[in-house]
Amino acid sequence: MSLQLDFPAVLERWPSFLAGAVLTLELAAFATVLGALLGTLAAVGRGTHNALISGACKAYVETIRNTPLLVQIFLVYFGLASLGLKFSAFAVAVAALTINVGAYTAEIMRAGFEAIPRGQIEAAEGLALSRLQIYWHIILLPAVEKVYPALTSQFVLLMLASSVCSQISAEELTAVANYIQSDTYRAFETYIIVAVLYVILSLVMRAGFWGLGLVLFPRRRRLGTPL
Amino acid sequence: MQQNTSSAPIVSLRNVQKSFGPLRVLDGVSFAVERGEVLALIGRSGSGKSTALRCIDRFEKVDGGEIVVCGHRVDRPDVDLRALRQDVGIVFQSYNLFPHLTIEQNITLAPCAVKGMATARAKDLARKVLAQVGLEEKLHAYPEQLSGGQQQRAAIARSLAMQPKVMLFDEVTSALDPELTAEVLKVIEQLAADGMTMVMVTHEMGFAKGIADRIVFMHRGKVHETGPASILTTPTTPELTQFVGTGNLKS
Ligand SMILES: Nc1ncnc2c1ncn2[C@@H]1O[C@H](COP(=O)(O)OP(=O)(O)OP(=O)(O)O)[C@@H](O)[C@H]1O
Ligand SMILES: [Mg+2]
């Protein structure tokens, strides 16, 4: 038995691969930005004294963290459909991924918030800053800095997990691979190429987060020390 | 509600009560601080000094009694906290500078965010208050690049930038070794000379004696003895006699 690989037959479909990779990156970008917002709000909500709000945030986080992503995607997809609402597969995928990564972000951000010493907040209160100003100027950035590695890993994981969006025929990288392999009968070659593309996408994201970190944390850039 | 006539004290506590659970920490505390006066709160560990100080800036809510600070009825639930805290500056033992901001940003944050001061003016102000504490050259440093004494002086400068009517200090030198303590005390001395109204909790008896217009000696949640700085040399109660006698009175 010998392994016969025919890459050229598959590689000639490179425009499709490229389109799929771009769509995967777009999915990840939208879900990362929206999920970071949603998750941060949920983490703030979880810390409030209002039992209703903190209970709702906790229920959201626990529900999402204890159900499979694919099921969540189907719930959003069929849920919207049964309400008679029509959205593109891309919009549905972004919504589901946002809801998913938002829950993980909330848990990570909560750890970040808890790592801010009480004295920081008292000092800010003593300077007459408002609740919102304290979150914005004193808590948010140091909290993000403390959990930045965990946070960015979560977003890269999200990009990889977005491959299950192929199930609702969003035309992302894995969906593209699925039909290329059924077209060419070159499944192994196709998925080797897809794997390599995912690695490249991961590296692109990590490089992006590294650059963003330089912008967000000037103190770290200058001193090189952890907060 | 506004009782801020020129003759009214800047800070006044009347019969203030405060418990943490079953623990009665303030048991009818009364004292007043006039404009330009320096009051030193002294007493054993656990006697309620920090709690009394924190009540003034409403970091603790009192259970009973009356607190008036610059015309604000601090004991009332409807007190305007942000207005109160614009009038009061507080400095803690642990500095609590914001580690992700430069010293300049630490100082300009509140004037800009709270008072809406223009950035350029706030930067001028930062330079001015840093000069006051002898740290002009640290404008663009981050807190971690400063020694403990420098951080504490920067924290004082940050408070001064809000132009408070009264400053509260809670053992601001007890985390520092003697050399750094001296540089911080010098700054506080200068503030006193400039006429700043101050309430300070301190273990530095020699310093309290030199700078305070009035001493309040707290014991078991009560003001046990009070008077001019001379009570430290000629205490009348056995408790204060013992307190100043147990090596607390070093110059
Ligand atoms: N938030 C709190 N919850 C419960 N107990 C508290 C709290 N804050 C202070 N206490 C208790 O109240 C008492 C008085 O505390 P306080 O900090 O006012 O003392 P202090 O005179 O400042 O002492 P020290 O010189 O050690 O700083 C102590 O027994 C302390 O344990
Ligand atoms: Mg204390």
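Scroll up for the structure.
A quick note: this is a predicted structure, and the numbers were derived from the prediction, not measured. (Residues numbered from 1 in each chain as written. Chains lettered and ligands numbered in written order. Predicted model: local features only at pLDDT ≥ 70, side-chain atom pairs only at ≥ 80, totals over all residues. Heavy atoms only, no water.)

Student: Let's hear about a nonpolar patch on the surface: which residues, and what values?
Tutor: All names here are of chain A. A surface patch of nonpolar side chains, amounting to about 390 Å² of accessible area, comprises F30, V33, L34 and L37. Residue position: L34 is located in helix α2 (residues 14-47). The exposure class of L34 is partly exposed, given its relative accessible area of 40%. (Patch = residues over 30% accessible without salt bridge, like charges linked within 9 Å, V, L, I, M, F, W, Y side chains within 5 Å. Areas by Shrake-Rupley, 256 points an atom, 1.4 Å probe, with all protein chains shown as cover. Salt bridge = Lys/Arg side-chain N within 4 Å of Asp/Glu carboxyl O. Helix = DSSP H or I, 4+ residues; strand = E, 2+ residues; numbered from the N terminus. Buried < 20%, exposed > 50% of the residue type's maximum accessible area, 1.4 Å probe, protein only.)

Student: How would you explain the site of ligand 1 if you had to name every residue and give the values?
Tutor: Residue and element names in this part refer to chain B. Neighbouring ligand 1 are 13 residues, the closest being S45, G46, K49, S50 and T51. One of the backbone nitrogen or oxygen atoms of S47 is found 3.2 Å away from an oxygen atom of ligand 1. Within the complex, the protein chains bury 59% of what would otherwise be the 630 Å² of accessible surface of ligand 1. Elements that contribute at least two residues to the shell around ligand 1 include exactly β2 (23-33) and α1 (49-56). A total of three residues in the shell around ligand 1 trace back to one element, the largest contributor, which is α1. Of the residues that constitute the shell around ligand 1, the class distribution is three nonpolar, seven polar and three charged. (Near = heavy atom within 4 Å. Polar contact = N/O pair within 3.5 Å; in protein donor to acceptor, adjacent residues only side chain to side chain. Nonpolar A, V, L, I, M, F, W, Y, C, P; charged D, E, K, R; others polar.)

Student: Talk me through the interface of chain B and chain A; I want residue IDs and the actual numbers.
Tutor: With 27 residues of chain B at the contact, the number on the chain A side is 22 residues. Taken together, both faces of the contact between chain B and chain A bury some 2,100 Å²; the carbon and sulfur share is 62%. Three residues stand out in chain B for area buried against chain A, namely B:F98, B:H100 and B:Y142, and they jointly supply 27% of the buried area on that side. The tally of links between chain B and chain A comes to two salt bridges. A:E122 is the salt-bridge partner of B:R54, the closest N and O atoms lying 2.7 Å from each other. Summed over the shared surface of chain B and chain A, the number is twelve residue pairs in polar contact (both at pLDDT 80 or more). Mapped by element, the contributors of at least two residues to the side of chain B that touches chain A are α2 (81-87), β6 (88-91), α3 (103-115) and α5 (148-160) of chain B. (Contact = heavy atoms within 4.5 Å. Buried area = accessible area lost by both parts, 1.4 Å probe.)

Student: So what about the sheet that holds strand β9 (residues 214-219) of chain B? Which residues, and what values?
Tutor: Residue and element names in this part refer to chain B. Taken together, six strands build an open sheet; the order of strands is β6-β7-β8-β3-β9-β10 and the sheet is mixed. Edge positions in the open sheet fall to β6 and β10 (222-227), since each of these has one partner strand only. Each strand of the sheet is rotated relative to its neighbour by a mean of 20 degrees, with strand direction disregarded. Summarising the sheet, strand β7 (residues 166-170) and strand β8 (residues 197-201) pair through five bridges and their orientation is parallel. Each residue of the ladder has a partner; that of M167, found in β8, is M198. (Pairing = 2+ DSSP bridges. Axes fitted to C-alpha atoms, helices over the stretch in contact; angles between N-to-C directions.)

Student: Explain the pairing of β9(B) to me, and be specific about the residues and the numbers.
Tutor: All names here are of chain B. Here β9 lies mainly inside the structure; five of its six residues are buried. Pairing analysis gives five bridges linking β9 to β10, with the strands arranged antiparallel. From the neighbouring strand, I215 faces β10, where its bridge partner is G227.

Student: Explain the nonpolar core to me, and be specific about the residues and the numbers.
Tutor: The biggest cluster of nonpolar side chains holds 90 residues, and the ones touching the most others in it are A:M109, B:F31, B:L41 and B:V69. The element contributing the most residues to this core is helix α7 (residues 131-161) of chain A, with 13 residues. Grouped together as the second largest cluster of nonpolar side chains are 38 residues, B:A155, B:V184, B:I188 and B:A192 included. (Core = buried A, V, L, I, M, F, W, Y, C linked by side-chain atoms within 4.5 Å.)

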